[in-house]
Each structure stands twice: as C-alpha cells, then as structure tokens.
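Survey of secondary and tertiary structure
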Amino acid sequence: MTAATTAAPAAATATAATPRLHDLVGVGIGPFNLGLAALTDPLDDVDAVFLDQADGFCWHPGMMIEGATIQVPFLADLVTMADPTSRFGFLNWLKTTGRLYPFYIREDFSPLRAEYDAYCRWVADQLDTLRWGRRVTSVEEQPDGTYLVTSRRGTDGAAETWHARHVVLGVGTEPRLPEPLRRLADRRGPGGPVVHSADYLAARDRLRAADSVTIVGSGQSAAEIYRDLLDTTRVGARPGHRLDWITRSPRFFPMEYTKLTLELTSPEYTDHFHSLPRETRDRLGREQRSLHKGISGDLVDDVYDTLYRLSVDGPVDSTLLTETELVDARWIDDDEQIELTLRHAQLDTTATRRTEALVVATGYAARVPTFLDALGDRVDRDDLGRLAVARDYSIDGGRGRLFVQNAEEHTHGLTAPDLGFGAWRNSSIIASITGREPYPLERRIAFQTFGRPTASAAAAPAASAPPPGCAIRDTSDAQAPSRAEVSGVSPRDGRDVHAPDPDDGRVRPGGRPPEPTPTEEARVTR
C-alpha cells in the first residue's frame, strides 16, 4: 500500500524531539475516518494523519457472504455526497477496475458488500496519510489546548507520539451480547458454541456441521445468516438437523424505505432529534428500529420462498419464533449444548430449548476507548456515562477540538451509523477544523418540517446563513427547532459567532437559500 511505503518518514517525524503539529489526527480507520482522510487529502490547509492498529483496511470480514449487498445506494460512498467530483468516488473505482459498464447493465444501485470493501481498500491504497499497525494508547491534552497522541507500533512495540490541534475518534463499534449470554462469553468465537455475527464466516463450516443451530436477532445480519444456512435443513439429507430463528420483535420486519421516511436521515431531522431531552431520544431510538435495523424486503421474501421450496419434500426442520426473548442461557457439559430459557412476551410464558450452536446477531455498541480516561471531565458525558456528543460531533465542552464518528446514535439518531450521512458529517467536521466550508453543507433538504410548526412560516423574516462549523445549540424549548440558536467558534481566532437559524425550515429542495450578508460572504458557502 502507498500508506505502508510512506509510514517510515512520518514515524521519524512523529518521534522527533519536537513533534510535528498536525491539524488533525484521526484514530481508527473505518469507512467514516477513511472518508475523512479522502476528503482532507486535497486540502492544502489540513495536515492530517490517521492511525489504526490493523495491518490494513478490512470491513466486516465475518459477514462477507457471497451476493450480500450494502443497504444504501452507491452514492453513499466515502466522498460523493460531499464532493461528486472527487477522484475517490465509487464510480471512479468502477471505471478504474473496468466494472463501470457491468454495474450500469446490472441496474441495481446497491453495491455488493464485497465490492464496497474492495472499493474502500482501493481508496486506502492511494492515501499517504494512513498509518497502519498503530495502536493508540493515550490521548492527552496539552496546556495550549492541543493533543498529544501516543501509539505503539505492532511490528516492534515502539512508542510514537503525534501532536495535533484536533483529534477525530473513529474507533468503530464492538459486538453486543445480550445480558444472559455474557457469562458464556468465554465460549464465544469461531471455535466455540456461541458465535457473534461478526465472526460468522470463520465459523460457518462448523455451524453447517452442527446438529442444531439457533440464531438470535431480528435484523439484516440474522436474516442473511439464516438464509445462508437454510439450504442445509433439507429433510432426508440430514435427519434430525435443526435450524431455528428467534427474535423478540413482534415480526420479522422489513427495513422501511419509503421516501418521506428516508427524510429522517436529513440534517434538519438530526437537528430536531439532537434538541430533544435525553429520555425522548432514547425512546425514539427504540421505536425507530425498523428505519435502520430491519431486513431487506427482498431478503424477507427470499427466506419465505426458500422455505416454501424446501417444504415440497416435507416439513422443514426449522422454527421461527417472534415475540420471544432470550432471558437465560447455560452450558450443559454432559450434552455439550446450550440450554436457552425463552419468554414469550404476549403470553408471558417461558420454555427451554437446547441447541448445539448459537449465533448471536444482536448488533453492535459504540466503543468508548479507555485512552480517553486520562482526559477526565474534559470529555463530555451524559448521566448514563455515555459520550455527550454536541451537534457538531465534538465532545470537549464546545472547544471544537475533539470529535467522534459513529458514536452518537443516542444523541443524533439514525444518521450516526448511516453510510449515506458519513460524508455530510465529515464535511461538518472539516468546516469546524478549517473555519471554512471546502465542501458546502446542505442544511435544508427535506420537504417536511420536524418539531413544532411556527404560527406562520410565510411571515417569518429571512435570516442569514450560519458560519461554517456551526452547531445547533439546544434551546430551552426542546420542541422548537425552528428557532434554534446557531452558534459556532472559529478554530482559527476563537471568536464566538451567533446567528439565527438560516431559513426557518422554509427552503425546499431546489429552492434558493438566503444570501449571506456582506460580512459573511467570505466565510459562508451554501
């Protein structure tokens, strides 16, 4: 990789007596920080470096099931929604690899999961700001407000230091286990009876050979794994083999793709969601599962059609259970099986079932790295101990120097893990870091108005646009985003700038936004 060939000079610079002061150090190189690296690469005023403990880019290797697609269109690549002209776009990758016309003829906007991974690796190979094999061990704030990041090389364990004005954490998420299974965590992994979906492919051959497999989960990963294993349940081929699927959801629900619903992935709905009280946001997070944690409708139908096809030869040895919650699990040594205690929510009854292998497709949780502990109360947290992420994705009390990626679902809603919103978030972070908008931010894209409507939208006065890098500040009335106060701090001179919400929700797609005032004209790009 290009990154690997250029790592040595950068490391020498980083360990010098006076560390080079970078504008930005990114910690973790998943799709979101990789997108940030691609967008900052052509910017002359951003000196950036990105660190990751892995040896190279690899995206969800345990779920690279043949034929599986990502659940967003190709436009949701690393850069296109911020800069359609970028050389790092997905279409350019297709052209470079000779796949553009086949993709065109395929007439399916959703890339294969393996394609998306290959595309990201292609982008990573072109960036000389990526440093692989670096495990970050500490992030310390210096007296001047900058950060000193310490990492260790995987090759020899040598310590390196990186000095930065800003740090962006993109450390990703970690597999989440239901509480009843945590005491069986020592049996988790490709060789154990409990397999998280993140490790599925490594365990697939053993799962196919098991006499009984139970899948727990309600989303896309659970459905893909069930479908992938389903053909092994043919009656007569393997008598006694069972494949069961259990979900606590009331049904095997499809992801909702309707267009007005997709407007909930807009900047304005994110503004509204962020302004709500913490308890309301948490409730909405549970209620909105079908908007981003459901199953592809085509896959739901394919599962049914496969069961129908298999049933021609007789009953299929498979049970699908809804409204069923896993409340306990224990390992039975004599039988080398897991005994599951299940509760049916509607009937409020419990029953036990045994299984030889258990696949847990219960998603992921935001990872809060321990290297933040040294910063103490300089990292904002809510009353539940989670990161309290500001609207501009910072977590440092409004200083705008420490940012996070995909750790803000509880504060920003379903745009946090959405690949399609990653470029917008990166554009916002870049605006905060540079004090300008190299990639103009679309602040109003929805036809809907979220929150309490104004008395008369037509009579409200026009207002100037907010400066780059601004954040929507919560008002005392959490249900009135239409008059939210917009504030921003220029990272270059520290000036605090205030302006009313730019268009009060009235600019519609294709509409002309208000013109900036002359004093803002040099700073504001729409």
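Structure's up top.
Along each chain, numbering runs from 1 in the same order as the chain's sequence is written. Predicted model: local features are reported for residues with pLDDT of at least 70 only, side-chain atom pairs are reported and counted for 80 or more only, and whole-chain, interface and lining totals are derived from all residues. Each side-chain value is worked out from all heavy atoms of the structure, with water and hydrogens disregarded.

**Some points on the nonpolar core**
- Nonpolar core, defined: a set of buried Ala, Val, Leu, Ile, Met, Phe, Trp, Tyr and Cys residues in which side-chain atoms within 4.5 Å join the residues together. Between buried and exposed lies partly exposed: a residue is buried under 20% and exposed over 50% of the maximum accessible area for its type, with that area taken using a 1.4 Å probe on protein chains only. Counting residues in hydrophobic clusters, the biggest one holds 47 residues, and the most contacted among them are Leu 34, Phe 50, Leu 78, Tyr 116, Tyr 119, Val 123 and Leu 130.
- Contributing elements (two or more residues each) for this core: α2 (31-40), β2 (48-52), α3 (90-96), α5 (113-126), β3 (130-132) and α14 (422-434).
- Setting aside residues up to four positions removed in sequence, Tyr 116 forms contacts with Pro 31, Trp 59, Ile 70, Ala 76, Asp 77, Leu 78 and Leu 419. Think of it this way: any DSSP run of H or I at least four residues long counts as a helix, any run of E at least two long counts as a strand, and we number them from the N terminus. By the convention used here, residues are in contact when the closest approach between their heavy atoms is within 4.5 Å.

**Let's talk about the pattern of salt bridges**
- Definition used for salt bridges: Asp or Glu carboxyl oxygen within 4 Å of a side-chain nitrogen of Lys or Arg. For the coordinates displayed, the defined rule picks out 38 salt bridges.
- Arg 444 is the salt-bridge partner of Asp 271, the closest N and O atoms lying 3.7 Å from each other. Of the two residues, Asp 271 sits in helix α9 (residues 267-275) while Arg 444 sits in the loop between α14 and β18 (471-473), which places them 173 residues apart along the sequence. The same class applies to Asp 271 and to Arg 444, which are both buried.
- One salt-bridge network, held together by shared partners, links Arg 278, Glu 279, Asp 282, Asp 382, Asp 383 and Arg 386.

**A closer look at the packing of aromatic side chains**
- Pairs were defined over the aromatic rings of Phe, Tyr and Trp, the Trp ring being its six-membered one, requiring ring centres within 6.5 Å. Orientation was assigned from the angle between planes: stacked under 30 degrees, edge-to-face over 60, tilted for the rest. According to the stated counting rule, one finds 16 aromatic pairs in the structure shown.
- Residues Tyr 101 and Tyr 104 carry aromatic rings whose centres are separated by 6.3 Å and whose planes lie at 85° to one another, so their mutual orientation is edge-to-face. Taken together, the residues span about one helical turn, with Tyr 101 and Tyr 104 both in helix α4 (residues 100-106) at a distance of three residues. Accessibility assignment for this pair places Tyr 101 and Tyr 104 in one class, exposed.
- A ring pair is formed by Tyr 269 and Phe 450, whose centres lie 5.0 Å apart and whose planes are at 70°; its orientation type is edge-to-face. Placement of the pair is Tyr 269 in helix α9 and Phe 450 in the loop between α14 and β18, with a sequence separation of 181 residues. Accessibility classification places Tyr 269 together with Phe 450 in one group, the buried group.
- A connected cluster of aromatic rings, assembled from ring pairs, spans Trp 59, Phe 74, Phe 90, Trp 93, Phe 103, Phe 109, Tyr 116, Tyr 119 and Trp 122.
- Of note, Arg 425 hangs over the ring of Phe 32, and the distance from its end group to the ring centre comes to 4.4 Å.
- When the NZ atom of lysine or the CZ atom of arginine is within 6 Å of a ring's centre and also within 35 degrees of its normal, the charge is said to sit over that ring. One cation-aromatic arrangement involves Arg 425 over Tyr 393; the distance from NZ or CZ to the ring centre is 5.9 Å.

**Brief notes about the sheet that holds strand β11 (residues 318-321)**
- By this definition, two strands are paired if DSSP reports at least two bridges between them. Taken in spatial order, the five strands make up an open sheet running β8-β15-β9-β10-β11, and their pairing is parallel. Taken across any chain shown, the strands that pair with only one partner, and hence form the sheet edges, are β8 (194-196) and β11. Going across the sheet, the axis of each strand differs from the next one's by a mean of 15°, ignoring polarity.
- Here four bridges tie strand β10 (residues 242-246) to β11, and the two strands are oriented parallel to one another. Bridge assignment links Ile 246 to a residue of β11, and that residue is Leu 321.
- Working convention: axes come from line fits to C-alpha atoms, limited for helices to the stretch in contact. Angles between N-to-C directions cover 0 to 180 degrees. Running at roughly 165° to β10, helix α7 (residues 220-230) makes contact with β9 (212-216), β10, β11 and β15 (357-360) of the sheet.

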